[in-house]
Amino acid sequence: MPAPEEDCVAEAEEVVDAACPEKASDDEVVAARIGANVALHRRAAGLTPRELGEAAEVDRSYLHHVENGERLPMLALIVKLAASLNVRCERVTSGITWEPSLGAFRVEATGNEADTALKRLGQNALHARRRVGVSQQILSARALMNRSDFVDFERGNRNFRVFVAVRLVGALGVDLAELFSGVADWYVRPLPAPRIRAGRSPSDQIRA
């Protein structure tokens, strides 16, 4: 049986196919792809349309139109949606390609690989290791790690305590900022407003 995430990707592709007839306009093509991407990542994040709408400060009915490819969101809203979904903006526009020779947009299928913080950390470690020109075996020895553990880390399949990251950057001769590039600046969905007990002001709640 296909995995739930694969089902979401297949469903997203069906939405794009249905919303993009052969003579669809650029707006319709792009809106369909963006809408399918938003719906895909919303489900992967476990958010309801209401929750995503509240996080991105957009009306739920408008979000419904976006996900169905009926509205083409402005750039500012794409940034908010990506932030609320905790993905990079390119994930929202994934699969859209501009063909200069044709003067038209082309929609491509998108992958189903999750874009997680661990995968980004692993990619950063891989790029840094290749730049300094050391093997996995040498680097894992310098960082006092098993080579198999380091391989899993580069693939984004292992989580470690923070001191492992400190050892890694020391062994690579880089700083933590490079290892966490693209991770530390990810957005987090807004926290719910604190609940205030009846008859008490917010300042009273803080003092309590």
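Everything here concerns the structure above.
None of the values given here were measured: they were computed from a predicted structure.

Draft legend 1. Expanded view of the overall build of the protein. Helix and strand content of the protein: twelve helices and two strands. Ordered by position from N to C terminus, the α and β elements of the protein give α-α-α-α-α-α-β-β-α-α-α-α-α-α. Within the protein, buried positions represent 38% of all 208 residues. At a minimum sequence separation of 6, the contacts of the protein that also span at least 24 residues come to 59%.

Draft legend 2. The pattern of salt bridges, seen in detail. Inspection of the entire model under this criterion finds six salt bridges. Here Lys 80 ties to Glu 57 by a salt bridge, and the two come within 3.2 Å at their closest N and O atoms. Of this pair, Lys 80 sits in helix H5 (residues 75-85) while Glu 57 sits in the loop between helix H3 (49-56) and helix H4 (60-67); the two residues are 23 residues apart in sequence, bridging distant segments of the chain. In this structure Lys 80 comes out as partly exposed when scored by relative accessible area, which is 37%. The salt bridge involving Glu 90 is made with Arg 88; its shortest N-O contact spans 2.9 Å. By relative accessible area, which is 46% here, Glu 90 ends up partly exposed.

Draft legend 3. The nonpolar core, seen in detail. Counting residues in each nonpolar core, the largest one holds 17 residues, and the members touching the most others are Leu 139, Met 145, Leu 168 and Leu 179. Contributing elements (two or more residues each) for this core: helix H7 (117-132), helix H9 (147-154) and helix H10 (162-172). The element that contributes the greatest number of residues to this core is H10, accounting for six residues. Contacts of Leu 139, omitting those with residues within four sequence positions, involve Arg 129, Val 134, Phe 150, Leu 168, Ala 171 and Leu 172. Within the second largest apolar cluster, 15 residues are counted, among which are Val 30, Ile 78, Leu 85 and Val 87.

Draft legend 4. Region of the structure containing the packing of helix H2 (residues 26-44) against H4. Taken N-terminus to C-terminus, the directions of H2 and H4 make an angle of 115°; their axes are 7 Å apart at the nearest point. Facing Ala 31, Gly 35, Ala 36, Val 38, Ala 39 and Arg 42 of H2, the residues of H4 in contact are Leu 63, Val 66 and Glu 67. Residues that form the contact of H2 with H4 fall into these classes: six nonpolar, one polar and two charged.

Draft legend 5. Expanded view of the pairing of strand E2 (residues 104-107). In this sheet, E2 lies alongside strand E1 (residues 96-99) in antiparallel orientation, the contact comprising four bridges. Bridged to Thr 97 within E2 is Arg 106. A loop of four residues connects E1 with E2, the two strands running antiparallel in sequence, and Gly 103 in this loop sits at a positive phi of about 65°.

Draft legend 6. Representation of the packing of H3 against H4 within the structure. At a minimum axis distance of 9 Å, the contact between H3 and H4 shows a crossing angle of 105°. Here H4 runs roughly perpendicular to H3, going by the angle between their axes. Contacts from Pro 49, Arg 50, Leu 52 and Gly 53 of H3 reach H4 at Arg 60, Leu 63 and Glu 67. Here the contact of H3 with H4 is composed, by residue class, of three nonpolar, one polar and three charged.

Draft legend 7. Structural view of the packing of aromatic side chains. Inspection of the entire model under this criterion finds one aromatic pair. Both rings, one in Phe 153 and one in Phe 160, keep their centres 5.8 Å apart while their planes meet at 55°; by these two values the pair is tilted.

Draft legend 8. The arrangement of unusual backbone geometry in detail. In the Ramachandran plot, Asn 86 falls in the positive-phi region, its phi being about 60° despite a non-glycine side chain. The phi torsion at Leu 144 lies on the positive side, around 55°, for a residue other than glycine. Tracing the chain through its elements places Leu 144 in the loop between helix H8 (136-142) and H9. Using a relative accessible area of 66% as the deciding quantity, one classes Leu 144 as exposed.

Draft legend 9. A look at H10. Where H10 is concerned, the buried positions are Val 164, Ala 165, Leu 168, Val 169, Ala 171 and Leu 172. One face of H10 carries all of its buried residues, which in axial projection span an arc of 160°. Exposed and oriented more than 90 degrees from the buried face of H10 are Val 162 and Gly 170. Buried residues in H10 make contact with H7, H8, H9 and helix H11 (176-179). With its phi angle positive at about 75°, Gly 173 sits one or two positions after the end of H10.

Cut-offs applied
- Residues numbered from 1 in each chain as written.
- Predicted model: local features only at pLDDT ≥ 70, side-chain atom pairs only at ≥ 80, totals over all residues.
- Heavy atoms only, no water.
- Helix = DSSP H or I, 4+ residues; strand = E, 2+ residues; numbered from the N terminus.
- Buried < 20%, exposed > 50% of the residue type's maximum accessible area, 1.4 Å probe, protein only.
- Contact = heavy atoms within 4.5 Å.
- Salt bridge = Lys/Arg side-chain N within 4 Å of Asp/Glu carboxyl O.
- Core = buried A, V, L, I, M, F, W, Y, C linked by side-chain atoms within 4.5 Å.
- Axes fitted to C-alpha atoms, helices over the stretch in contact; angles between N-to-C directions.
- Nonpolar A, V, L, I, M, F, W, Y, C, P; charged D, E, K, R; others polar.
- Pairing = 2+ DSSP bridges.
- Parallel < 35°, antiparallel > 145°, perpendicular 65-115°, else oblique.
- Phe/Tyr/Trp six-rings, centres within 6.5 Å; stacked < 30°, edge-to-face > 60°.
- Arc of directions from axis to C-beta.

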